[in-house]
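A look at the structure
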Amino acid sequence: MNWARKNLFASWPETVVTLLILWLIWKTVPPFIDWAFLDAVWRPDQKACRAGEGACWGFIAEKHRFILFGTYPYELHWRPLAATAILIGLWVFSAFRANWKWWLSLVWVFGLAVIGILMWGGVFGMRYVENERWGGLILTLLLTTFGLAFAFPLSILLALGRRSDMPVIRGLCVGYIELIRGVPLISLLFMASVMLPLFLPSGVTIDKLLRAQIAMILFAAAYLAEVIRGGLQAIPKGQYDAAHALALPFWRRTCLIILPQALRIAVPALVNNFIAFFKDTSLVLIIGLFDLLSTVKISLNEPAWTGFGVEAYVFASLLYFVFCAAMSRYSKGFEHQR
Amino acid sequence: MIEMIKVSKWFGLFQALKEVDLSVARGEKVVVCGPSGSGKSTLIRLVNRLEEHQSGRVIVDGVELTDDPKKIDLVRREVGMVFQSFNLFPHLTVLENLTLAPVWVQQVPKKEAAETAMHFLARVRIPEQADKYPSQLSGGQQQRVAIARALCMKPKLMLFDEPTSALDPEMIKEVLDVMVELAREGMTMMVVTHEMGFAKTVADRVVFMDGGRVVEAAPPAEFFSAPRTDRAKLFLSQVLGH
Amino acid sequence: MANLEERRIASGLGFLGREAGFEIGESAFLRYSAADSYLRALLVGITNTLAVAVIGVVIATGLGTAIGLFRLSRNFLLKTLSAGYIEFIRNVPLLVQLFFWYAVITEGMPGSREALSPLPGVFLSNRGIFFPTFSSTPEMQGFNFVGGAVLTPEFAALLIGLATYTAAFIAEIVRAGILAVDRGQGEAAHALGLSRPQTTRLVILPQALRVIIPPMTSQYLNLTKNSSLAVAIGYPDLVSIANTTMNQTGQAIEGIAIIMGVYLTISLSISAFMNWYNARIVFK
């Protein structure tokens, strides 16, 4: 009772607010529970869905394979499923500080090779599946993973370049970062999608997925560069002085002393950027790639199932939320650990 | 003026105050001292409810402090506090710092509040700084402004939480001088400090705390020349030694 | 380069004078018809973008500040609900949320005949939100509303999605800014007898603003850039119209350059403003 007095009814305005919120909850939660659970249709029966009052989760039951795996051959779904599990496993494995050793990159190379074999096939008796047919969750995860993997070293170079004493290098880095950060991602995706083929000799085509991946890499590099720059600035100046005093050459100095500290400081901001990047992969829908959001949208196109957009996007929200919230938890835990 | 009866306070599992009894009469000046961690800051912050006590009773000018926000408000209007880190409002000028509370809490008209403010600024001997910002003043000046700010509310009782601990040595005197003057004018004061000179000059009583308890309480003459407990003796030898 | 010539992409902005030949769904300020030039079409796109960005920024700021303050409140319900809002919204991609709001409006709202009317003259239907202006009021005529002004489902979905999304980030910025103010300031204010609302308004917020403004302007920029997602739900913003133009004329390079140029101008302006503000408000 005392708790209630302090936390809910501490003063007259607060009491009014509490009562108002309780009234709002009373008005919205029971109808929502009716819609989402009690009146909902869970079987993949679209007639029952249309006849019913509640949510049509049967839509998800019917379409979940397409949503998760895209147009990958139906009978081979175990392959993208395994690939997804391995990729998630790699990320989780890398999240533990104990595993931040030199052999981690080898683990990744090996893991990605296995994923590549699973997805493309063509060896070990597995049927070849061209990457135009990849889609759904694995595509979102692959775009994120490769995007970050290649953007990261690039962003370190950009961050160092931005602090360089050589005006040309500094100018180029600043120009690149400000340009990329000043324009929407969609314009970069358009640029890659439309312009890249124009600059190639006729007859040579770049895979659409690759074009999108390049755009995402260039995009991420600029944002990560700013985060790393923050980390570089946050290192006490004494560290730079000490490193100079030891007469270490630039790259030695940077790789052994400066970068490890800068990156450690920057981890929370880096993870926040990773989360944002993961969410940004949903934009490839606009240039016609079949990421997770795209498959959700396309599954609504079937005439029998149009009109259940609300259910579809609630489902999509929950999927993304699970991943992003997990990463966000991790980031907060990291901050406390320090 | 202040009555503390068997007051205990915990921070989580750590007990900061153990059944402390203390009373301060109107017009009395009480100095609270002791080693760090003894609970003296916590004790003084109970008086205007910046900290809450879990057991025992705290009564200020007849009003008992409980969770009741109205009572807390009442007490805070009558009690002025000066902090170790001054806590002046950096985005306001000195004059605005002083008139803020009277205007918004006591509904004093602006003009009158400004006059009162200038009066107290003169009392603390820096009337010319009225339109400056706190960051432009020295530490000693800032603390004197803080004292004036508290005085503008015309409190019945003034609390000082280590008012000179954050000052450079050459500025301690100017602040202590103001406090001595205040004391001589009859203000009821409760002061947490290491400045034993001040205690000798002005205090009616010295309260020595250690480990969350009041270990010894006596008039300064008695306390400084003939401390009764060993802990008090140890403390005095450390503080007065240098 | 051979490629470029092959596709006969005449480099240059000459195409801007040609007749556009396509309709635009809605225009916030400028009048437009298919007979107007591409340049005019693009200008419509720019004004449409600015319209949704400016209104979005205003709503997001208000909503975000309120939620940020709620998050710091003593009231358990207020605190928890706002924290839940922030957590959820920030962890779902904006595009998903835009599609969601669009689906809510086009599927969840009733048809024109059964439109909801929360206030006299205001109608909510799956064709949009109709509200009265100073000169006319919406009225049912046949199958649709005539008169008054309308927020199309596209505009409404974009605006609601952008505002609620950005508000969640602004809420965290406001909260961080207020927490960054030294605890002693609040204590001093309370010791002087100021109430909690007074303390927040007179002492905490002015100091918090210093910490809040830089990331806040960054969020404004994000909202403006995010408005480019309009192309996915059919609102004719700059990217959307430029895309149509590029498809029709084949002038891909110019089109993308225009898009980037406009956004760069906006973002550099906002950066410049921020630098000016920072220089002016140096802690006195």
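Residues numbered from 1 in each chain as written. Chains lettered and ligands numbered in written order. Predicted model: local features only at pLDDT ≥ 70, side-chain atom pairs only at ≥ 80, totals over all residues. Heavy atoms only, no water.

**Overview of helix 6 (residues 104-120) of chain A**
Residues and elements named next belong to chain A. Between its terminal C-alpha atoms helix 6 stretches 24 Å, which fits the 24 Å expected from 17 residues at 1.5 Å a residue. Along helix 6, the residues that are buried comprise L104, W108, G111, I115, G116, L118 and M119. The buried residues of helix 6 all sit within an arc of 165° when viewed along its axis, so they share a single face. Facing away from the buried side of helix 6 by more than 90 degrees, the exposed set consists of L106, V109 and F110. Packing partners of the buried residues in helix 6 comprise helix 5 (78-95) and helix 7 (137-162). Once helix 6 finishes, G121 follows within two positions and takes phi at roughly 75°, a positive value. (Helix = DSSP H or I, 4+ residues; strand = E, 2+ residues; numbered from the N terminus. Expected span 1.5 Å × (residues − 1). Buried < 20%, exposed > 50% of the residue type's maximum accessible area, 1.4 Å probe, protein only. Arc of directions from axis to C-beta. Contact = heavy atoms within 4.5 Å.)

**Describing the state of the cysteines**
Residues and elements named next belong to chain A. The full count for this structure, using the stated rule, is one disulfide over all chains. Across the disulfide, C49 is cross-linked to C56 (sulfur-sulfur distance 1.9 Å). In this structure the cystine formed by C49 and C56 twists about its S-S bond by roughly 80°; its chirality is therefore right-handed. Taking relative accessible area as the criterion, C49 reaches 3% and is therefore assigned buried. Residue C56 is classed as buried on the basis of its relative accessible area of 0%. There is no disulfide at C255, and the cysteine sulfur nearest it, in C173, is 16 Å away. (Disulfide = S-S within 2.5 Å.)

**Observations concerning the sheet that holds strand 10 (residues 213-218) of chain B**
Residues and elements named next belong to chain B. An order of 6-7-8-3-9-10 is seen for the six strands of this open sheet, with the pairing classed as mixed. Of all the strands in the sheet, the pair left with one neighbour each is strand 6 (79-82) and strand 10. Strand-to-strand twist across the sheet, computed as the mean angle between neighbouring axes with direction ignored, equals 20°. Sheet topology places strand 3 (residues 29-33) next to strand 9 (residues 205-210); four bridges connect them, and they run parallel. (Pairing = 2+ DSSP bridges. Axes fitted to C-alpha atoms, helices over the stretch in contact; angles between N-to-C directions.)

**A closer look at a nonpolar patch on the surface**
A contiguous nonpolar surface patch, about 1,000 Å² in accessible area, is contributed by A:F9, A:L19, A:L22, A:I25, A:V29, A:F32, A:I33, A:F37, A:L38, A:W42 and C:L81. Per-element tally for the nonpolar patch: the top contributor is helix 2 (residues 12-38) of chain A, with eight residues. Structurally, A:L19 can be placed in helix 2. (Patch = residues over 30% accessible without salt bridge, like charges linked within 9 Å, V, L, I, M, F, W, Y side chains within 5 Å. Areas by Shrake-Rupley, 256 points an atom, 1.4 Å probe, with all protein chains shown as cover. Salt bridge = Lys/Arg side-chain N within 4 Å of Asp/Glu carboxyl O.)

**Focus: the nonpolar core**
Grouped together as the largest cluster of nonpolar side chains are 200 residues, with contacts concentrated most on A:L189, B:M4 and B:M190. Considering every element that reaches this core, the biggest residue donor is helix 10 (residues 208-234) of chain A, with 15 residues. Setting aside anything within four residues of it in sequence, one finds B:M4 in contact with B:V20, B:D21, B:L22, B:L43, B:L46, B:V47, B:R57 and B:V58. Within the second largest apolar cluster, 50 residues are counted, among which are B:I126, B:M196, B:F208 and B:F223. (Core = buried A, V, L, I, M, F, W, Y, C linked by side-chain atoms within 4.5 Å.)

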